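Here is what each chain is made of, one letter per residue.
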Amino acid sequence: MKKAILLVLMFLFVVGCANGSGKKVTIKPTLDKRLKEMQPLPLHAGLFIEPSLRSFSQEEWQTSRFVGIHHYIFPIGEPLAKNIEEMTKRVFTKVTILSELPSQEMVEKAGLEAVLTLQLKSSKLELIDEESVLQAIGKHYLSIKVSFLDKNLNKIFEDELTAEGKYLDLIDYQTEGGWWKVSGPKYGPAVEDSIEKITYKLAQRLIASRDQIVNK
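Residues numbered from 1 in each chain as written. Predicted model: local features only at pLDDT ≥ 70, side-chain atom pairs only at ≥ 80, totals over all residues. Heavy atoms only, no water.

(A) Looking closely at the overall build of the chain. Along the chain, the regular secondary structure elements total seven helices and eight strands. Residues counted as buried form 44% of the 216 residues belonging to the chain. Summing over all exposed atoms, the chain offers an accessible surface of approximately 11,900 Å²; the carbon and sulfur share of this is 52%. (Helix = DSSP H or I, 4+ residues; strand = E, 2+ residues; numbered from the N terminus. Buried < 20%, exposed > 50% of the residue type's maximum accessible area, 1.4 Å probe, protein only. Areas by Shrake-Rupley, 256 points an atom, 1.4 Å probe, with all protein chains shown as cover.)

(B) Structural context of the pairing of strand 8 (residues 155-170). The pairing of strand 7 (residues 135-150) with strand 8 spans 15 bridges and is classified as antiparallel. In the sheet register, Val146 faces strand 8, and the bridge partner there is Asp159. Connecting strand 7 to the next strand, strand 8, in antiparallel fashion are four residues, including Leu153 with a positive phi near 65°. (Pairing = 2+ DSSP bridges.)

(C) Examining helix 3 (residues 77-91) more closely. Helix length check: helix 3, at 15 residues, gives a terminal C-alpha distance of 21 Å against a target of 21 Å (1.5 Å per residue), a fit within 8%. Those residues of helix 3 that sit buried are Gly77, Pro79, Leu80, Ala81, Asn83, Ile84, Glu85, Met87, Thr88 and Val91. Turning to helix 3, the residues buried within the fold contact strand 2 (41-49), helix 2 (51-54), strand 5 (92-98), strand 6 (114-130), strand 7 and helix 6 (188-208). (Expected span 1.5 Å × (residues − 1). Contact = heavy atoms within 4.5 Å.)

(D) Inspection of the sheet that holds strand 4 (residues 68-74) at higher detail. Strand order in this open sheet of three strands is 1-4-3, and the pairing throughout is mixed. Edge strands, defined here as strands with exactly one partner in the open sheet, are strand 1 (23-24) and strand 3 (58-64). Pairing of strand 3 with strand 4 involves seven bridges; the strand directions are antiparallel. Paired with Ser64 across the bridge in strand 4 is Gly68.

(E) Summary view of the side chain of His70. With respect to the secondary-structure elements, His70 resides in strand 4. Owing to a relative accessible area of 2%, His70 belongs among the buried residues under this scheme. At 3.2 Å, the side chain of His70 forms a polar contact with the backbone oxygen of Lys181. (Polar contact = N/O pair within 3.5 Å; in protein donor to acceptor, adjacent residues only side chain to side chain.)

(F) How the structure looks around unusual backbone geometry. Positive phi is not limited to glycine here, since Leu153 has a value of about 65°. Summarising the element assignment, Leu153 is placed in the loop between strand 7 and strand 8. You can call Leu153 partly exposed: its relative accessible area is 27%.

(G) Expanded view of the packing of aromatic side chains. By the definition in use, this model includes four aromatic pairs. Seen in terms of ring centroids, Phe148 and Phe157 are 5.5 Å apart; in terms of plane orientation they differ by 45°. Their pairing is tilted. The pair Phe148 / Phe157 is uniform in exposure class, with both members buried. Among the aromatic residues, ring-to-ring pairing joins Tyr72, Phe74 and Tyr187 into one connected group. (Phe/Tyr/Trp six-rings, centres within 6.5 Å; stacked < 30°, edge-to-face > 60°.)

(H) Inspection of the side chain of Glu60 at higher detail. Tracing the sequence through the fold places Glu60 in strand 3. For the buried residue Glu60, which engages in no salt bridge, the nearest side chain bearing the opposite charge is Lys124, 9.7 Å off. A distance of 3.1 Å separates a polar atom in the side chain of Glu60 from a polar atom in the side chain of Gln58. Setting aside residues up to four positions removed in sequence, Glu60 forms contacts with His70, His71, Tyr72, Phe74, Leu125 and Leu127. (Lys, Arg positive; Asp, Glu negative; His and termini not counted. Salt bridge = Lys/Arg side-chain N within 4 Å of Asp/Glu carboxyl O.)

Honestly, that's just the spatial picture; any functional story needs more than this.
Here it is, written out as structure tokens:
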């Protein structure tokens, strides 16, 4: 039975390569548990995330003697945006998700007391397999540009935040016997790691600005 399943998976992999389609990598980051210890800012904040960040997807090809050829598709933007949205709802007492950059009129109409905007700066993946020790290492270098504005749309701060995600995937007997060559190593957790780290960095930066915004 296992042999039959393996043959089917290998067939699907070969067909996928022939069609030029890639394997969509599952990315499900979680929020840092330390966020529960943070005291939320008593503010109604607007959150605008650039559409290009939300829809960002990254394709990577990996070729090696051990794993063969693999074509990965990393849908990074959507889970990154959702993670940031969840974080802001813990950092601020009220959050309104904005579909466009706000004007002064929009801020006043919505009753916003602050606005946070984000855009993607860079995303770099390194997919490494070390055949001598039978392990794979995924690294993801992520950076975003953030602007935090008061209710008059004056800048409280503007920063570029960076994070490095890393994940080690070891080969066991089963994967060495063929599974790894079909599905490839697990690289999604490296992206999850970078998203979780950069989201927490942003939360820290926002909390650090408490005196600049709450007392205005």
